[in-house]
Amino acid sequence: MIDLIIKNARIPQGDDTILTNILVKDEKIAGFVDEITMLDAKNVIDANGNLTIPGCIDSHTHFMYQGFPHRENFLTGTAAAATGGVTTIIDMPCCSVPSVRSIEQLETKLDICGPQAVVDYAMWGGVTGEDVREGWLHNVKEQADYGVVAFKVYMTPSVPTYPRVTDPEMYECFKAVAKTGLPIGIHAENFAMCDFYVNKYKNEGRLDGPAWAEARMELAEKVAIELGISFAEASGARLHIVHMSTGIGAKLVKDAKMRGIDVTSESCPHYLTLNYQESMSKYGPLAKIAPPLRTKKDNEEQWNGINDGSIDFIATDHAPYEIESEKHKEGMNIWTSFPGIPGVETMVPVIVSEGYNKGRISLSKLVDILSTNAAKHYGLYPKKGALNIGSDADFTIIDLDKEWTIDSKNMVSMCGYTPLEGMKLKGKIDKTIVRGNLVYQDGEEGTLGKLDNYDLLFNNPDELTSGEYKVSYRKDHPEVIVDHVKNIKGIMVNPGFGKFVKRQQIMKLDKNIKF
């Protein structure tokens with residue numbers, strides 16, 4: 001007997017679609033058939049003719065629960081992912097106490113966060129300047145052997161537990177990661193440039209929102225990418241530019257690929273749709289991110305970069321903070337507020353609406369940048385990111401015609417803000433299926449309003465608590481966290497359903513550049 005039939009699924013075939021019925025057995029895709037009248041199945045889900053693509057992947061999230069339980073936890077974060085059609089997230093190593101730079105630290109994070117997850121999750125490994133200075137680079141190979149998908153370094157400061165790298169330290173990291181065959185992702189902003197101009201504009205008395213973007217200027221990203229490309233060329237490392245924000249960045253990546261250098265890049269929906277002049281003037285700290293929002297010209301150049309192969313896939317850099325203590329606390333300004341916004345819940349709908357439905361990208365490109373390319377790049381393919389027999393039965397089902405408006409008051413992500421506020425979209429997630437299980441259903445009440453025990457939201461050990469948590473609003477008002485979870489609709493599984501996914505293989509994307 002088949003475990004599940006997903007009937008009336010419109011699946012992609014290149015840039016066309018066909019209507020089919022998908023068979024699922026033991027959480028894997030078991031086949032595709034035209035007729036199901038003679039088949040027995042334990043469950044049937046009707047896709048209603050909606051577009052059904054391989055489960056989408058957000059390969060750049062910061063769910064900061066461990067050490068920062070007042071921020072996004074793994075339950076609210078993965079519930080937001082499911083609501084947004086994301087079936088697998090890949091979480092960063094930096095925003096936890098301690099940060100993840102060894103197997104022991106990785107297992108601590110998995111033990112704390114895993115019981116909260118409702119979609120599947122993989123992990124980035126960590127390496128910092130401190131690891132170079134202290135002789136801890138042996139942890140790189142050990143993390144790779146454990147199953148992390150890539151390694152992250154910061155050229156600018158992130159959090160105190162994750163020190164930035166100097167230029168020579170970054171080169172040492174490149175050489176260490178190159179030996180593993182895995183990508184090394186860099187936050188590409190030149191520290192000296194950013195630090196100098198932030199202090200310059202502060203001293204000049206600027207407090208306007210756009211000042212943040214102008215201080216962390218395009219040139220700071222440009223020279224950082226150029227240095228990363230030079231280090232990749234010298235070391236043989238697989239360079240990945242995370243959250244690339246500029247059009248010139250896409251051009252640099254394209255040129256490097258044409259020269260045969262192993263470099264890839266990702267962009268984010270906000271770098272494709274928002275500009276700093278409008279968004280930072282309107283929202284101030286609520287639109288503050290690093291790298292910052294750029295210009296309308298950069299928006300269009302990045303869409304071009306997606307189509308010519310300079311930008312390989314989309315991620316979000318999902319990193320929301322608590323408004324009361326970290327964004328709009330009394331006395332805070334554009335310089336002292338924390339940089340980060342949500343994104344995992346809106347990534348797929350924004351790219352569907354502003355990309356595919358508006359004719360900026362083809363259907364095959366949509367599937368590549370939201371699912372397949374990230375799965376391949378991070379060694380999860382074909383377990384993830386594919387509609388192959390034997391692949392995990394992960395599906396994102398999209399009603400391409402449904403129109404709706406982003407409203408932060410109704411968002412699942414536990415932050416209450418987004419610079420995408422009020423954006424009108426066409427295309428909404430109808431269902432999210434992970435390993436043959438219905439995880440999200442639009443319009444349903446779901447499971448999270450009636451859990452037996454909400455203590456899993458507060459299992460962060462006291463000894464791993466950050467200073468930021470101690471002065472947070474939610475520390476003194478934990479009922480806000482519980483109430484938020486109780487109000488989440490549409491999640492059809494219980495916390496802990498999501499599974500940790502180790503890297504399956506080492507795989508590289510093809511360098512397909514269009515002229």
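Preceding this section is the structure that the text describes.
First, a word on what this report is: a plain description of the structure on this page. (Residues numbered from 1 in each chain as written. Predicted model: local features only at pLDDT ≥ 70, side-chain atom pairs only at ≥ 80, totals over all residues. Heavy atoms only, no water.)

A word on the packing of helix α8 (residues 218-235) against helix α9 (residues 247-258)
Two quantities define a packed helix pair, namely the angle between the helix axes and the distance between the axes.
Okay, so step 1: The N-to-C vectors of α8 and α9 enclose an angle of 15 degrees; their axes lie 9 Å apart at closest approach. Between α8 and α9, the crossing angle belongs to the class labelled roughly parallel. For the pair α8 and α9, the sense of crossing is right-handed. Contacts between α8 and α9 involve E218, K222, I225, E226 and I229 from the first element and I248, G249, L252 and A256 from the second.
Okay, so step 2: Considered class by class, the residues forming the contact of α8 with α9 number five nonpolar, one polar and three charged. (Axes fitted to C-alpha atoms, helices over the stretch in contact; angles between N-to-C directions. Helix = DSSP H or I, 4+ residues; strand = E, 2+ residues; numbered from the N terminus. Parallel < 35°, antiparallel > 145°, perpendicular 65-115°, else oblique. Left-handed = near helix turned anticlockwise from the far one by under 90°. Contact = heavy atoms within 4.5 Å. Nonpolar A, V, L, I, M, F, W, Y, C, P; charged D, E, K, R; others polar.)

Some points on the pattern of salt bridges
Side chains that carry opposite charge are capable of pairing whenever their charged atoms lie near each other.
Okay, so step 1: Taken as a whole and judged by the stated rule, the model has 38 salt bridges.
Okay, so step 2: For E214, the salt bridge goes to R206, with nearest N and O atoms at 2.8 Å.
Okay, so step 3: It is possible to trace a salt-bridge network through shared partners that takes in E27, K28, D120, K383, K384, D392, D394, R435 and K499. (Salt bridge = Lys/Arg side-chain N within 4 Å of Asp/Glu carboxyl O.)

A closer look at the side chain of R238
Okay, so step 1: Here R238 is to be found in strand β12 (residues 238-241).
Okay, so step 2: At a separation of 3.1 Å, a polar atom in the side chain of R238 contacts the main-chain carbonyl oxygen of M507.
Okay, so step 3: Once you skip the residues sitting within four places of it in the chain, R238 turns out to touch G181, L182, P183, I184, D262, H377, I506, M507 and K508. (Polar contact = N/O pair within 3.5 Å; in protein donor to acceptor, adjacent residues only side chain to side chain.)

Some points on the packing of aromatic side chains
The relative placement of two aromatic rings is captured by the distance of their centres and the angle of their planes.
Okay, so step 1: A full pass over the atoms with the stated rule returns 13 aromatic pairs.
Okay, so step 2: Ring geometry for Y154 against Y162: centres 5.7 Å apart, planes inclined by 80 degrees, an arrangement best described as edge-to-face. A single burial state applies to Y154 and to Y162, both of which are buried.
Okay, so step 3: Three or more aromatic residues link up through ring pairs in this structure, and these residues are F63, F74, Y121, Y146 and F500.
Okay, so step 4: Above the ring of Y381, the side-chain terminus of K376 is found at 5.0 Å from the ring centroid.
Okay, so step 5: Directly above the ring of W404 sits K428, whose terminal nitrogen or CZ lies 5.3 Å from the centroid. (Phe/Tyr/Trp six-rings, centres within 6.5 Å; stacked < 30°, edge-to-face > 60°. Buried < 20%, exposed > 50% of the residue type's maximum accessible area, 1.4 Å probe, protein only. Lys NZ or Arg CZ within 6 Å of the ring centre and 35° of its normal.)

A short note on the environment of K508
Okay, so step 1: Among the structural elements, K508 can be located in the segment after α18 (479-486).
Okay, so step 2: The class for K508 is partly exposed, based on a relative accessible area of 47%.
Okay, so step 3: Considering only alpha carbons, one finds K508 and T264, 244 residues apart in sequence, at a separation of 9.6 Å.
Okay, so step 4: Other than its neighbours up to four places away in sequence, K508 contacts R238 and D262.
Okay, so step 5: In this structure the side chain of K508 is engaged in a polar contact, spanning 2.8 Å, whose partner is the side chain of D262.

Here's the deal with the sheet that holds strand β13 (residues 263-267)
Okay, so step 1: Taken in spatial order, the six strands make up an open sheet running β9-β10-β11-β12-β13-β14, and their pairing is parallel. Where the open sheet ends on each side, the last strands, each with one partner, are β9 (125-126) and β14 (313-314).
Okay, so step 2: Where strand β10 (residues 151-154) meets strand β11 (residues 183-187), four bridges bridge the pair, whose relative direction is parallel. Each bridged residue has a counterpart across the sheet, and for K152 the counterpart in β11 is G185. (Pairing = 2+ DSSP bridges.)

As for helix α5 (residues 167-178)
Okay, so step 1: Compared with an ideal rise of 1.5 Å per residue, which puts twelve residues at 16 Å, α5 spans 16 Å between its outermost C-alpha atoms and is within 8% of the ideal.
Okay, so step 2: Looking at the buried side of α5, the elements it contacts are α3 (129-134), α4 (138-146), β10, β11, α8 and β12. (Expected span 1.5 Å × (residues − 1).)

Topic: the pairing of β12
Okay, so step 1: Because side chains alternate across β12, one face comprises the buried residues R238 and H240, and the other comprises L239 and I241, equally buried.
Okay, so step 2: For β11 and β12, the ladder comprises four bridges, and the chain directions are parallel. Within the sheet, the bridge partner assigned to G185 lies in β12 and is H240.

Description of the state of the cysteines
Okay, so step 1: Considering all chains together, one arrives at zero disulfides under this definition.
Okay, so step 2: Free of any disulfide, C94 has its nearest cysteine sulfur in C95, 3.8 Å distant.
Okay, so step 3: Left without a disulfide partner, C415 is nearest to the cysteine sulfur of C95, which lies 15 Å away. (Disulfide = S-S within 2.5 Å.)

Focus on the sheet that holds strand β6 (residues 56-61)
Within a sheet, neighbouring strands are paired by backbone hydrogen bonds and run either parallel or antiparallel to one another.
Okay, so step 1: One open sheet holds the three strands; their spatial order is β6-β7-β8, and the pairing between them is parallel. One side of each edge strand has no neighbouring strand; the edge strands of this open sheet are β6 and β8 (120-123). Strand-to-strand twist of the sheet, defined as the mean angle between neighbouring strand axes without regard to direction, takes the value 25 degrees.
Okay, so step 2: Most of the contacts of helix α1 (residues 74-83) go to strand β7 (residues 86-91), to which it runs at about 135 degrees, and overall it touches β7 and β8.

These values are about where atoms sit, not about what they do.
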